[in-house]
Amino acid sequence: MTRKYLRMTLNERVQHLNLFINFTILVITGFALKYPEAFWVSPITDVPLGMTLRGFLHRLCGVATVTLGGYHLLYLAFTERGRGIVKDMIPGLKDAKDLWETLKNNLFINRPAKEIKMGRFNFREKFEYLGLIWGTIVMTVTGFILWFKTEWLMYFPMWTYDVARAIHFYEAILATLTIIVWHLYSVVWNPEVYPMSWAWITGDLTEHEMELEHGLELERIKAEEKGKLVEFGEAAAVGGGRVYPLHREKGEKVFSLRRLYGTVHDLNETIKNWKGG
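Quick notes on the rules
- Residue positions are given per chain, counting from 1 as you read along its sequence in written order.
- In keeping with the predicted nature of the model, local features appear solely for residues at pLDDT of at least 70, side-chain atom pairs appear and are counted solely at 80 or more, and the whole-chain, interface and lining totals rest on all residues.
- The side-chain values count all of the structure's non-hydrogen atoms but skip hydrogen atoms and water molecules.
- Secondary structure elements are taken from DSSP: a helix is a run of H or I of four residues or more, a strand is a run of E of two residues or more, and numbering for both begins at the N terminus.
- We call a residue buried when its accessible area falls under 20% of the maximum for its residue type, exposed when it is over 50%, and partly exposed in between, using a 1.4 Å probe and counting protein chains only.
- A contact between two residues is defined here by any heavy atoms of the two lying within 4.5 Å.
- All accessibility values rest on the Shrake-Rupley procedure with a 1.4 Å probe; residue burial counts only the protein chains present in the view.
- Given the number of residues in a helix, its expected span is that number minus one, multiplied by 1.5 Å.
- Each residue carries a pLDDT value, the predictor's own confidence for that position, ranging from 0 to 100.
- A pair of aromatic rings is counted whenever rings of Phe, Tyr or Trp (Trp by its six-membered ring) have centres within 6.5 Å, and the orientation is called stacked for planes under 30 degrees apart, edge-to-face for over 60 and tilted otherwise.

When its secondary structure is counted, the chain shows 13 helices and two strands. The 277 residues of the chain split such that 27% are buried. In the chain, 61% of the contacts between residues at least 6 apart in sequence involve partners at least 24 apart. A total accessible area of about 19,800 Å² is found for the chain, and carbon and sulfur atoms account for 68% of it.

What follows is the structure in structure tokens.
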């Protein structure tokens, strides 16, 4: 049986699916306004009130994305797993080294290619995540400026509105290309995961996938398991029955055969010496 490792909890998968749906609708309805004559916009423009519906959907999904962002911040702040994500998502010097070695591998400078062991989140995932945060902030601010044009122009000159519109448009192009070129390659077109990484559906990665993208994290998980009790079925799969911890957790009492023997011995002595009442 192939060993599976948790990558995304159900909560995280629902968040990802929510973002996927809202982002897709935002891209379609947003570019439909910019390019209303494009062939792929005809299903929207050919129906009565199609462009009105487009505007409603765009704003609705924008609000839904901002709401999801707020929920995600609460998830990061108030759950143990969320705080772990924040800690592991912070870029470090090793990410720069991994990026450099990856470039050398791809440009055939490293011959043979150097094996790179990366942590829970590799440098590509960290760039994507930080880019998502930055993009969401930019699109939220500029989106509300465009939405409430009249109110904005009551306090600011017209050129600020034009700047917000330009930023909103070009950031949308950048975000769309990032998903199509970078993210989809990582989870779909990459020969190592093709036809698709199933983690966003099942929540799990195989051991092979962990070795390829998160080798350092895999080593950490296995090292931790050496000090914890593993379920019988899982331990049996790798040739064992039960694995007992080498080190006890805080407040955990360690089972002692000597203590058990002493208890049984004392009980036997009590029974032998008991003469009845």
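From this point, things continue past the structure.
Across the chain, the bulk of peptide bonds are trans and the bulk of non-glycine residues have phi less than zero. Geometrically, the link from Arg111 to Pro112 is a cis peptide bond, its omega value of 0 degrees lying close to zero. Tracing the backbone shows Pro112 in the loop between helix H5 (93-106) and helix H6 (123-147). Here the bond from Tyr194 into Pro195 is cis, since omega is 10 degrees, no more than 30 degrees from zero. Along the chain, the position of Pro195 falls in the loop between helix H8 (158-189) and helix H9 (199-202). Of note, the phi angle at Leu49 is positive, near 60 degrees, even though the residue is not glycine. Of note in the backbone geometry, Phe108 takes a positive phi value of approximately 60 degrees without being a glycine. Relative to the elements of secondary structure, Phe108 occurs in the loop between H5 and H6.

Another point: helix H1 (residues 10-34). Under the 1.5 Å per step criterion, the end-to-end length of H1 is 36 Å for 25 residues, consistent within 8% with the ideal 36 Å. Packed against the buried residues of H1 are helix H2 (42-45), helix H3 (50-78), helix H4 (80-89), H8 and H9.

Let us look at the environment of Ile179. Take Ile179: it is sitting in helix H8. What makes Ile179 partly exposed here is its relative accessible area of 29%. Here the alpha-carbon distance between Ile179 and Glu128, two residues 51 residues apart in the chain, equals 8.8 Å. Apart from the residues within four sequence positions on either side, Ile179 is in contact with Phe23 and Leu184.

One rule of thumb: low pLDDT means the predicted coordinates there are not for detailed reading. For the chain, mean pLDDT is 87; residues scoring 70 or higher make up 82% of the total. The low-confidence segment residues 235-255 (pLDDT under 50) makes 23 contacts with residues lying over four places distant or belonging to another chain.

Here we take up the packing of aromatic side chains. All chains considered together, the criterion is met by twelve aromatic pairs. Measuring from centroid to centroid gives 6.5 Å for Phe31 and Tyr35, while their planes differ by 25 degrees, and the two rings are stacked. Owing to a relative accessible area of 40%, Tyr35 belongs among the partly exposed residues under this scheme. Aromatic side chains Phe31 and Phe169 sit 6.3 Å apart centroid to centroid with 80 degrees between the ring planes, which places their arrangement in the edge-to-face category. Highlighted residues: Phe31 in helix H1 and Phe169 in helix H8, separated in sequence by 138 residues. A relative accessible area of 16% means that Phe169 is categorised as buried.

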